[in-house]
Amino acid sequence: MEGSQGNSDSHIGVDDTEEWQERLFHLSQIALKGKKRDLVLQLRNLARECRSTNPEFADRLMALLRNAPVKGDSTRQIESSGIPLDGNSRLPLIRVLETPTLEIEPIYVSRVWGLLNQIVRERISASALAESGIDPTRTALFIGPPGVGKTLAAKWVARELKRPLAILDLSAVMSSFLGRTGNNLRAVLDFARSRECVLLLDELDAVAKRRDDVGEIGELKRLVTVLLQEIDEWPARGLLLAATNHSKLLDPAVWRRFELIVEFPLPERELIGSYVRNQMKFKKSDPWPELFAHALDGESLSQVRHVVDRVRRYTAIEDCSIEVGSVEILSQIARSAPTNMRRNLAIAIVSEGLMSQREASRTTGVSRDTIRKYVHEQSVSGR
C-alpha cells in the first residue's frame, strides 16, 4: 500500500479508507477463526508494506510478532477437525490452510498466467459450463524446477476460489510399511473428496514413479495404480492439483490422467527485474532491478527472493540506503560467480550505461582492461 498525501491514515501507509477497512475486516475474520499462523503472515506483510512510510509502526508490529510465537495445534485439535492421521505415528497426513494467504504475489510468464486464470474462471463459471454439459477442469499437473512457484500457484488458485487448500505431506504418507502407505493415500484423498477444497499433491514423483523402474518393488508399483484410479474418479466439484520437480520420473500413465499440464519455466530477466523493482520499491529510473536481473539470470524466483531479503537485512543492520545495500549484495553475488558470469555481468552493466567501467570493476571484480576489451569488441561487432 502506498502512503497518502496527508490524510489521517498516512501514518500507517494507507491511502484508501475502504481498502483499509476491508483489510481490517479480513484480519478480524482470520483472528476469530483462530487461524493464528495466517494472522501472523498477514501482519508480517502489513509491517513490510508500512516500512517505507512509517518504520516506527513497522518495528512495533514486528516486535509484537516476535514476542507472540505461533504454537502448533495439538493432536486432539487435529483429530477433532477430521484431518486424517497416520495410523502408527498419529501425525497428520495433510496440512490444511483454511484461508490461503500469499507471502508474495506471484510473477509468471503470460502462458502460465493464462492457464491458472483458466482454472479459476472455469470454477467461477461452473453453472455456464454445466448448461453446456461440460465440467470444469478437475485435475492439473504443475511441472518445473524447484523454486519457480508451483506451490505458490496452488495457494493463489485456492485464494482466488476462496477455498481451503489441503497439501499432501508425502513424508507422512510414505510409511515404512508400504501396505500402510496405500491406506494413508486413500485416507487423504477421501478427506479432500468429501470437502469443497483444493487438494495439492506436492512432489508427486515421490509416489507416482514409472512402474517399469526395476529399482522399485511391487508394492510401490501397486500404489501408483491406486493413485491413477483415484485421479480418474476425482469428482467434478473438486479440484486436484499435483506438482513435481522431476517430471521425467513420472509414470507415463500419470500424464494422461491430468486434464491440464502447466509448465513453470525459470523466470526471464524481465520478470526478475519486475519482481526486484516491486519488492524493493525502486523507481522506474533506478538501474538496480536490471542489474539484479543480469546477476540472477537463470535462477529461480525463490532464489531471487532470497537475494532481495539479503539486501533488506544488510540495509537494516548497516543502517544504509537500499542503493548501498544493493551494491554490496551484487558484489557478493558477482565475486562468488563463475568467471564467465562475472564478465558478462560487468559488460552488461557498462554497455547499458548502468555503471562506469571503474564502478563495474569494483562491483564484479573484473579488471577494467577486460571490461574495456569486451565492451569494445561488442561495439565493433554490433556495427
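Here, every reference points to the structure presented above.
Our subject in this report is the structure included herewith. In this text, all values refer to a predicted model and were calculated from it rather than measured experimentally.

Parameters and conventions
- Residues numbered from 1 in each chain as written.
- Predicted model: local features only at pLDDT ≥ 70, side-chain atom pairs only at ≥ 80, totals over all residues.
- Heavy atoms only, no water.
- Helix = DSSP H or I, 4+ residues; strand = E, 2+ residues; numbered from the N terminus.
- Buried < 20%, exposed > 50% of the residue type's maximum accessible area, 1.4 Å probe, protein only.
- Contact = heavy atoms within 4.5 Å.
- Core = buried A, V, L, I, M, F, W, Y, C linked by side-chain atoms within 4.5 Å.
- Polar contact = N/O pair within 3.5 Å; in protein donor to acceptor, adjacent residues only side chain to side chain.
- Pairing = 2+ DSSP bridges.
- Axes fitted to C-alpha atoms, helices over the stretch in contact; angles between N-to-C directions.
- Salt bridge = Lys/Arg side-chain N within 4 Å of Asp/Glu carboxyl O.
- 1 Å grid on protein atoms, 1.4 Å probe; cavity = no way out; pocket = protein on both sides within 12 Å on 5 of 7 lines; lining within 4 Å.
- Points joined across faces, edges and corners; volume = space filled by probe spheres on them.
- Nonpolar A, V, L, I, M, F, W, Y, C, P; charged D, E, K, R; others polar.
- Expected span 1.5 Å × (residues − 1).
- Arc of directions from axis to C-beta.

**Comments concerning the overall build of the protein chain**
Link 1 in the chain: Along the backbone of the protein chain there are 18 helices and 6 strands.
Link 2 in the chain: Taken across its 383 residues, the protein chain has 44% of its residues classed as buried.
Link 3 in the chain: Restricting the contact set of the protein chain to residue pairs at least 6 apart, pairs at least 24 apart contribute 69%.

**Thoughts on the nonpolar core**
Link 1 in the chain: If you look at the biggest cluster of nonpolar residues, it comprises 63 residues, and the most contacted ones within it are Leu 116, Phe 142, Phe 264 and Phe 292.
Link 2 in the chain: Per-element tally for this core: the top contributor is helix α7 (residues 150–161), with 7 residues.
Link 3 in the chain: For Leu 116, the contacting residues outside a window of four places in its chain are Tyr 108, Phe 142, Ala 153, Trp 156, Val 157 and Phe 264.
Link 4 in the chain: Ala 166, Cys 197, Trp 234 and Leu 240 belong to the second largest nonpolar core, which has 30 residues in total.

**Describing the environment of Ala 47**
Link 1 in the chain: Secondary-structure assignment places Ala 47 in helix α2 (residues 36–50).
Link 2 in the chain: On a C-alpha basis, the gap between Ala 47 and Ala 58 in space is 4.5 Å, while along the polypeptide they are 11 residues apart.
Link 3 in the chain: Beyond its immediate stretch of four places on either side in the chain, Ala 47 contacts Ala 58, Leu 61 and Met 62.

**As for the side chain of Thr 137**
Link 1 in the chain: Residue placement: Thr 137 occurs in the loop between α6 (126–131) and β2 (139–143).
Link 2 in the chain: At a separation of 2.7 Å, a polar atom in the side chain of Thr 137 contacts the side chain of Glu 122.
Link 3 in the chain: Sequence-distant contacts of Thr 137, that is, excluding residues within four places in its chain, are made with Gln 118, Glu 122, Arg 123, Leu 239, Glu 259 and Leu 260.

**Observations regarding the sheet that holds strand β6 (residues 260–263)**
Link 1 in the chain: One open sheet holds the 6 strands; their spatial order is β1-β3-β4-β5-β2-β6, and the pairing between them is mixed. Two strands close off the open sheet at either side, each with one partner strand: β1 (94–97) and β6. On average, adjacent strands in this sheet sit at an angle of 20° to one another, irrespective of strand direction.
Link 2 in the chain: On the sheet, helix α5 (residues 110–124) packs against β2, β5 (239–244) and β6 and is oriented at approximately 145° with respect to β6.
Link 3 in the chain: Its contacts with the sheet place α7 against β1, β2, β3 (165–168), β4 (198–201) and β5, and it is angled at close to 165° to β5.

**Here's the deal with the pattern of salt bridges**
Link 1 in the chain: Evaluation of the coordinates by the stated rule reveals 11 salt bridges.
Link 2 in the chain: With a closest N to O distance of 3.8 Å, Arg 138 and Glu 259 form a salt bridge. Remark: Glu 259 occurs in the loop between α11 (252–257) and β6 and Arg 138 occurs in the loop between α6 and β2; sequence separation between them is 121 residues.
Link 3 in the chain: Taking relative accessible area as the criterion, Arg 138 reaches 15% and is therefore assigned buried.

**Section: the layout of surface pockets**
Link 1 in the chain: Counted as a void, the second largest pocket has a volume near 480 Å³.
Link 2 in the chain: Taken together, 19 residues form the lining of the second largest pocket, with Gly 149, Thr 151, Leu 152, Ser 302 and Arg 305 sitting closest to its centre.
Link 3 in the chain: Across the lining of the second largest pocket, the residue classes break down as 6 nonpolar, 7 polar and 6 charged.

**A few points about helix α3 (residues 55–66)**
Link 1 in the chain: Between its first and last C-alpha, α3 extends 16 Å over 12 residues, near the 16 Å set by a 1.5 Å rise per residue.
Link 2 in the chain: Every buried residue of α3 is accounted for by Ala 58, Leu 61 and Leu 65. In an axial view of α3, the angular spread of the buried residues amounts to 65°, which keeps them on one side of the axis. Turned more than 90 degrees away from the buried face of α3 sit Glu 56, Arg 60, Leu 64 and Arg 66, all of them exposed.

**Quick look at the pairing of β5**
Link 1 in the chain: For β5, the tally of buried residues reaches 6 of 6 residues, placing the bulk of the element in the interior.
Link 2 in the chain: Here β5 shows a buried face lined by Leu 239, Leu 241 and Ala 243 and a second buried face lined by Leu 240, Ala 242 and Thr 244.
Link 3 in the chain: Judged from the 5 bridges that link them, β2 and β5 form a sheet pairing that is parallel. For Leu 141, the partnering residue across the bridge sits in β5 and is Ala 242.
Link 4 in the chain: Across 4 bridges, β4 lies against β5 in parallel orientation. By the bridge assignment, Leu 201 is partnered in β5 with Ala 242.

By themselves, these observations are geometric and do not establish any function.
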